[in-house]
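Close look at the chain arrangement
Residues per chain are reported as follows:
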Amino acid sequence: SFSMYHFQSSGINAEYGEEMESPRIFKTHAYYNECKFLSAENNCKIIYVYRDPKDVVCSLFDHASLIGRKHVVGDDIQEFAKQFAQRKEVSRNEGGPGDWVEQNEGYMSNPSNYNILFIKYEDLKAKTGEIVSKINNFMGYPTLTKDEEDQVVEASSFERMKILHTELAGKTV
């Protein structure tokens, strides 16, 4: 059992992180330097999922359209891709995605020496079972059997997550 928390940016400080029930999981799009509650000394483990920038462009463009923020990316995906490549994305303060390069460089350079497992999203999709085992080992749990690995893959499938999201809508997890 664990507690799950989601935060977007620097609103969580060290004291708040320590007050949360352990073990705990944080899901965030925060930049590395905004995770002030983390410390290398407290044995925290970070699983950082990153994406191919070409896929990020398509995903951001589609997502902005779906959530009514088309003004953030414009009407032309090619123009948005050029802006993305030139690091001219709309800032997060203006409802945009922020700077993808800065976001990734912070974690990849890891100046605070956090314990980080890097996972490429495309690998997660293509080799889900393998990545599940990699995460399991990183967390220090006993090695999964093939059956257990398959159960985790099924339980964490997109279809299953949609069902859970619907069931948990409005509830505190």
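First, a word on scope: everything that follows refers to the structure included in this document.

So, how was this worked out
- Residues numbered from 1 in each chain as written.
- Predicted model: local features only at pLDDT ≥ 70, side-chain atom pairs only at ≥ 80, totals over all residues.
- Heavy atoms only, no water.
- Helix = DSSP H or I, 4+ residues; strand = E, 2+ residues; numbered from the N terminus.
- Buried < 20%, exposed > 50% of the residue type's maximum accessible area, 1.4 Å probe, protein only.
- Contact = heavy atoms within 4.5 Å.
- Areas by Shrake-Rupley, 256 points an atom, 1.4 Å probe, with all protein chains shown as cover.
- Salt bridge = Lys/Arg side-chain N within 4 Å of Asp/Glu carboxyl O.

Bringing the overall build of the protein into the picture now. A tally of regular secondary structure across the protein gives nine helices and four strands. Along the protein, helices and strands appear, N-terminal first, in the series β-α-β-β-α-α-α-α-β-α-α-α-α. The buried share among the 173 residues of the protein stands at 27%. Of the contacts made within the protein by residues no fewer than 6 positions apart, 48% connect residues no fewer than 24 positions apart. Accessible surface for the protein amounts to roughly 11,700 Å². Of this, 52% is attributable to carbon and sulfur atoms.

Enumeration according to the criterion identifies two salt bridges in this entry. The salt bridge involving E149 is made with K146; its shortest N-O contact spans 3.6 Å. You can see E149 and its partner K146 sitting in helix α8 (residues 146–155), three residues apart, about one turn around the helix. Given the relative accessible area of 12%, E149 is considered buried. Of the residues examined, K146 reaches a relative accessible area of 54% and is grouped as exposed.

Limitation: the analysis is restricted to geometry and does not speak to function.
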